[in-house]
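These are the residues of each chain, in order.
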Amino acid sequence: MRLAWLGNELGRRLTQSGRAEVVNIAGISARAHASNLRACGGCDAAFGSELGAKYSITGWVQKVSNVILNVNIVVRDVETGRVLSGKSVDMRGNTDESWSRALDWLVRNYLLAPNEGVF
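Residues numbered from 1 in each chain as written. Predicted model: local features only at pLDDT ≥ 70, side-chain atom pairs only at ≥ 80, totals over all residues. Heavy atoms only, no water.

Participant: Where do I start with the pattern of salt bridges in this structure?
Facilitator: One side chain can pair with another of opposite charge once the charged atoms of both are near each other. Scanning all chains against the criterion turns up 7 salt bridges. As a salt-bridge pair, D96 and R2 come within 2.7 Å of each other at their nearest N and O atoms. Of this pair, D96 sits in helix α4 (residues 96–111) while R2 sits in helix α1 (residues 2–17), and the two are 94 residues apart along the sequence. R2 gets classed as partly exposed once you look at its relative accessible area, which sits at 28%. Residue E9 is joined to R12 by a salt bridge in which the shortest nitrogen-to-oxygen separation is 2.6 Å. Residue E9 and its partner R12 are located together in helix α1, separated by 3 residues, close to a single helical turn. Through salt bridges with shared partners, a single network forms among E9, R12, R13 and D104. (Salt bridge = Lys/Arg side-chain N within 4 Å of Asp/Glu carboxyl O. Helix = DSSP H or I, 4+ residues; strand = E, 2+ residues; numbered from the N terminus. Buried < 20%, exposed > 50% of the residue type's maximum accessible area, 1.4 Å probe, protein only.)

Participant: So what exactly am I meant to see when it comes to the state of the cysteines here?
Facilitator: Two cysteines whose sulfur atoms are joined by a covalent bond form what is called a disulfide. Taken as a whole and judged by the stated rule, the model has 1 disulfide. Across the disulfide from C40 sits C43; the S-S distance is 1.9 Å. The sign of the S-S torsion, about -90°, decides the handedness of the disulfide formed by C40 and C43: left-handed. A relative accessible area of 16% places C43 in the buried class. (Disulfide = S-S within 2.5 Å.)

Pasting the structure below:
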């Protein structure tokens, strides 16, 4: 449930910023969900290309222990398939609040950071 929230909330925040437009993935959803996007050799870029996107974002959460988790994001240029950047943030506690704070940090300090953001 938190993974779905994380993806939806990331899309909402990027759209709300006016600096990115999130494309509808309905046309490739089944194939994307059937793929391991972290280890498919750039299939996320291929999916993005099919959808007319400029960038693809792949994210995942790693559970280190019961109280330590990592939220990871990789941004790839769809045209070249090149990884533009990747970031990870650790969170303490597996709660709604900790997940929200981790996303806040990634969006504020990475994706939409003034002068250094990806978007």
